[in-house]
Every structure is written in structure tokens, then in C-alpha cells.
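Summary of the model geometry
Single-letter residue listing:
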Amino acid sequence: MALLALVDNNPVACLLWLGAAMMVDAVDGTLARKYEVKAILPHFDGSTLDMVIDYLTWAFIPALFIYFFIELPPYLGLISVFIILLSSMFCFCNVDMKSQDNYFVGFPAAWNIAAAYFYILDFPPFLTFATITFLALLTVTRMKFLHPFRVRLFMPLNIAVTLVWCACATSLVLSSPEHAAWALWGWGIASVYFIGMCLWRTAQEWFD
């Protein structure tokens, strides 16, 4: 549905469908384990299916979204797509993608989230390209990124902040920052929280 919205030149619908896919992705693994899908379907590899769908909804479709709907510097549109897809391939093939406490190690190819930031904030083209390059480079670092539904430390707070972020982002996608100041504030505070958690966990490892 997100891809069809993109083809129909409807960026808002595309982002909303990507958001819906993200929320499904947050609970599908938990549900699969709860209902013992592996025992019921022993020859079905749910983790492979998860990777295929995640690559589509977290990397491939967002890369096309950025190419078609986000202003980039002249002649750097295809290069941006190349950077996003190549770095995402490394991310999804990395066997050390998660730490023992379920933080992502390196930028987790969250290009659907990056696309939402680009769309709402409307960066200058060269700043957008620089951000894409920076995030891609973070893929090969040891920086920790919070998985709000898997990290046990502060899990209730992490999930609550995530839901606030999603509600505010949805409001901003459907309107504009000027017409949803409350959503912009909530979105900004939630973003600062996530950045702080990532930097704090990364700093812990540096000091250790």
C-alpha cells in the first residue's frame, strides 16, 4: 500500500502506510513467539520473512520516497538512493546487528523514520544529502540505537515515548509544523529523548 501510494504521487498516504507497517513490525515478533509459530510451522522461517519485509518497508520504499518527494542536490538523487540501499544491505546482513541488551549496533536502516523527518522539517537539499551520508556511515559504527519494544531498561517509558512520537509525527504529516505547534513540541521532546538514550548507552560502552 505504501508503494502504491508512492506511485500515485501521494506522499502523505505513503508515510502513513509506512508508519502502519512500523507498528506491525513492533509486535509481530512478540506475537510469533507468544503463539509458538515456530512449533506450529517448523519449516517456515519467520526471521527470513521479517528481514524481507523490513528491507522493503524500512529501506527500499523509503529510499524511493526520498528520491521522489524530498528535495536533494542536483545529480545526487540516485547517489542518495544508492547510499541508502547499500548501507541497508550491510545492516540487514550484519550478524552483530543487536547487542546483548537488544540495542541496535550502528544505524538500523531506519530510513522510514528519516524520511518522515526530511518530509516534515524540509531541510535544505545539501543538508538532507549530508544527513543521509552521515546516517549511512553510522551503520558501520558501534553506536547504540534504542529498540523501544525490546530493550528492557525503561521499557514502559520507552514505549510511551514512542507512542507520543508516532502520534505527533502523524499529526505533523497530516498538517504542517505551523498548524500543529503542540505536535512539533511533543515530537521534538520525544526525539531528544531517543537521541539521549542512544548517546547514553553508547557512552556507557566507551567508558567500559
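Residues numbered from 1 in each chain as written. Predicted model: local features only at pLDDT ≥ 70, side-chain atom pairs only at ≥ 80, totals over all residues. Heavy atoms only, no water.

Looking now at the nonpolar core. If you look at the biggest cluster of nonpolar residues, it comprises 60 residues, and the most contacted ones within it are Cys14, Phe65, Ile66, Trp111, Ile132 and Trp165. Residue assignment for this core shows that the elements contributing at least two residues are helix H1 (2-7), helix H2 (11-34), helix H4 (46-69), helix H5 (77-93), helix H6 (111-121), helix H7 (125-138), helix H8 (155-174) and helix H9 (181-207). Here this core takes eight residues from H4, the largest share from any one element. Among residues more than four places away in sequence, those in contact with Phe65 are Leu6, Pro11, Cys14, Leu15, Ile70, Ala115 and Tyr119. (Core = buried A, V, L, I, M, F, W, Y, C linked by side-chain atoms within 4.5 Å. Buried < 20%, exposed > 50% of the residue type's maximum accessible area, 1.4 Å probe, protein only. Helix = DSSP H or I, 4+ residues; strand = E, 2+ residues; numbered from the N terminus. Contact = heavy atoms within 4.5 Å.)

This brings us to the side chain of Ser99. For Ser99, the location among the structural elements is in the loop between H5 and strand E1 (104-105). Judged by relative accessible area, which is 14%, Ser99 ranks as buried. Among the polar contacts listed, one links the side chain of Ser99 to the side chain of Asp101, at a separation of 2.4 Å. Setting aside its immediate chain neighbours within four residues, Ser99 contacts Val105 and Lys144. (Polar contact = N/O pair within 3.5 Å; in protein donor to acceptor, adjacent residues only side chain to side chain.)

Moving on: the packing of aromatic side chains. Considering all chains together, one arrives at twelve aromatic pairs under this definition. Between the aromatic rings of Phe154 and Trp200, the centroid separation amounts to 6.5 Å while the plane-to-plane angle is 45°, which identifies the pairing as tilted. Here Phe154 is found in the loop between strand E2 (144-145) and H8, whereas its partner Trp200 is found in helix H9, with 46 residues between them in sequence. Looking at Phe154, the relative accessible area reads 42%, which means it is partly exposed. The partly exposed category is assigned to Trp200, whose relative accessible area is 36%. When the centroid spacing of 6.3 Å and the interplanar angle of 40° are considered together, the rings of Trp165 and Trp187 count as tilted. Taken together, the residues span a long stretch of sequence, with Trp165 in helix H8 and Trp187 in helix H9 at a distance of 22 residues. Assigned by exposure class, Trp165 and Trp187 land together as buried. A network of ring pairs unites the aromatic residues Phe65, Phe69 and Tyr119 as a single cluster. (Phe/Tyr/Trp six-rings, centres within 6.5 Å; stacked < 30°, edge-to-face > 60°.)

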